Amino acid sequence: LSCGLPVIYHQSGGTPELVSGYGVEFKDDLVAALEKTVNNYDSFINKIKKDYFNFSIDYAGKRYLEVFRKTFTD
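Residues numbered from 1 in each chain as written. Predicted model: local features only at pLDDT ≥ 70, side-chain atom pairs only at ≥ 80, totals over all residues. Heavy atoms only, no water.

Comments concerning the nonpolar core
Thinking step 1. Counting 7 residues, the largest nonpolar core is built from Leu 1, Val 7, Tyr 9, Val 19, Tyr 22, Ile 48 and Phe 55.
Thinking step 2. Among residues more than four places away in sequence, those in contact with Val 19 are Leu 1, Val 7 and Tyr 9. (Core = buried A, V, L, I, M, F, W, Y, C linked by side-chain atoms within 4.5 Å. Buried < 20%, exposed > 50% of the residue type's maximum accessible area, 1.4 Å probe, protein only. Contact = heavy atoms within 4.5 Å.)

In structure tokens, the structure reads:
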């Protein structure tokens, strides 16, 4: 997402929480996932552009720093 492209992802771990709405879940049919991505490409791109800052290293780094500071100063 930080490079501006939709994702095809597995429904595991924290991935769906981060990328849901910005791509397509891969279940067992890669061709179907690719087709769904292509068919919804413009919608995904527009949403990624709108929310781009949330996927930037600057934003992620600041959030990690906040967590570390809170963890080690409380």
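Details of the side chain of Thr 37
Thinking step 1. Note that Thr 37 resides in helix H2 (residues 30-39).
Thinking step 2. Note on Thr 37: relative accessible area 11%, which makes it buried.
Thinking step 3. For Thr 37, the side chain forms a polar contact with the main-chain oxygen of Ala 33, separated by 2.8 Å.
Thinking step 4. Residues contacting Thr 37, with those up to four places away along its chain left out, are Pro 6, Ile 8, Val 24 and Phe 44. (Helix = DSSP H or I, 4+ residues; strand = E, 2+ residues; numbered from the N terminus. Polar contact = N/O pair within 3.5 Å; in protein donor to acceptor, adjacent residues only side chain to side chain.)

In short, geometric facts, not functional conclusions.
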